[in-house]
Amino acid sequence: ACAGAGGKTLHLADLMQRKGSITASDRRVFKLDELRLRARRASFPNIRTREWKGKALPERRGGFDGVLVDAPCTCSGTWRRNPDGRWTTTAADVTDVVDLQRQLLGNAAVAVKPGGVLVYATCSLFERENLGAVEHFLAENTHFRLESFIEPLSGNDVQGTLQIWPWQGDCDAMFAARFRRQL
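Residues numbered from 1 in each chain as written. Predicted model: local features only at pLDDT ≥ 70, side-chain atom pairs only at ≥ 80, totals over all residues. Heavy atoms only, no water.

**Q** Looking at this structure, I do not really get the pairing of strand E4 (residues 112–122). What am I missing?
**A** Regular strands show a simple pattern: their side chains alternate between the two faces of the sheet. Of the strand pairs in this sheet, strand E3 (residues 64–70) and E4 are connected by 6 bridges, and their pairing is parallel. For Val67, the partnering residue across the bridge sits in E4 and is Leu118. Of the strand pairs in this sheet, E4 and strand E9 (residues 174–181) are connected by 6 bridges, and their pairing is antiparallel. Each bridged residue has a counterpart across the sheet, and for Val119 the counterpart in E9 is Arg178. (Pairing = 2+ DSSP bridges. Helix = DSSP H or I, 4+ residues; strand = E, 2+ residues; numbered from the N terminus.)

**Q** Teacher, can you tell me more about helix H4 (residues 91–109) here?
**A** The periodicity of an α-helix, 3.6 residues per turn, causes residues three or four places apart in sequence to face the same way. The end-to-end C-alpha distance of H4, which contains 19 residues, comes to 27 Å, matching closely the 27 Å that a straight helix rising 1.5 Å per residue would cover. Among the residues of H4, Val94, Val97, Val98, Gln101, Leu104, Leu105, Asn107, Ala108 and Ala109 are the ones counted as buried. (Expected span 1.5 Å × (residues − 1). Buried < 20%, exposed > 50% of the residue type's maximum accessible area, 1.4 Å probe, protein only.)

**Q** Explanation requested: the side chain of Thr74 in the structure shown.
**A** As for its position among the elements, Thr74 is in the loop between E3 and helix H3 (85–88). You can call Thr74 buried: its relative accessible area is 14%. A polar side-chain atom of Thr74 sits 2.6 Å from a polar atom in the side chain of Glu129. Apart from the residues within four sequence positions on either side, Thr74 is in contact with Trp79, Thr89, Val94, Val97, Ser124, Phe126 and Glu129. (Polar contact = N/O pair within 3.5 Å; in protein donor to acceptor, adjacent residues only side chain to side chain. Contact = heavy atoms within 4.5 Å.)

**Q** Would you take a moment to explain the pattern of salt bridges for this structure?
**A** Between side chains of opposite charge, a pair can form when the charged atoms approach closely. With the rule as written, the count across this model stands at 10 salt bridges. Asp26 is paired through a salt bridge with Arg28; the nearest N and O atoms lie 2.9 Å apart. Each of Glu147, Arg178 and Arg180 takes part in salt bridges that share partners, so that together they form one network. (Salt bridge = Lys/Arg side-chain N within 4 Å of Asp/Glu carboxyl O.)

**Q** What exactly am I supposed to notice about the confidence of the model for the protein chain here?
**A** Keep in mind that low pLDDT regions are not for reading the predicted coordinates in detail. When pLDDT is averaged along the protein chain, the result is 93; 98% of the residues meet or exceed 70. Per-residue pLDDT, averaged within each element of the protein chain, yields its smallest value for helix H6 (residues 166–169) (89) and its largest for strand E5 (residues 144–146) (98). (pLDDT = per-residue confidence, 0-100.)

Written as structure tokens, this is what we have:
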């Protein structure tokens, strides 16, 4: 969900060794057009695209082994590269994006089948967009639990959520949470 031009989609398709099926969605059709072109150039036969405006997906309810929500965010984690955001992002912007993130995460979660995985990611520094979103989601969705995963910079096991800071890997800040849907 929120695939944009598909960098993460292409990576997932590669990890899947061009097998299985990936449905990449975004509300911006022009980004999906770019993703289709990139997938065709890279010869990925297992990527499909679909416009999604963030509403519930009743026709695919419980149909996906995994869902990645690469959520729209304030992009505060990229301020090192885009310092103007420090002065243009307002408290109202944060509130608006948090509301959108909650809606997208909740609506995407219904597509995860029992036993499946849901991953939530942002490039934000703000706790409201990260741990706050996780806490809100878990309070509303008791059939999901956080699940540990390997932190990519250190190789250490983390307990369901990870905040990476720019100084940890000479990179943008980012956040990820991994959930498992209970049966």
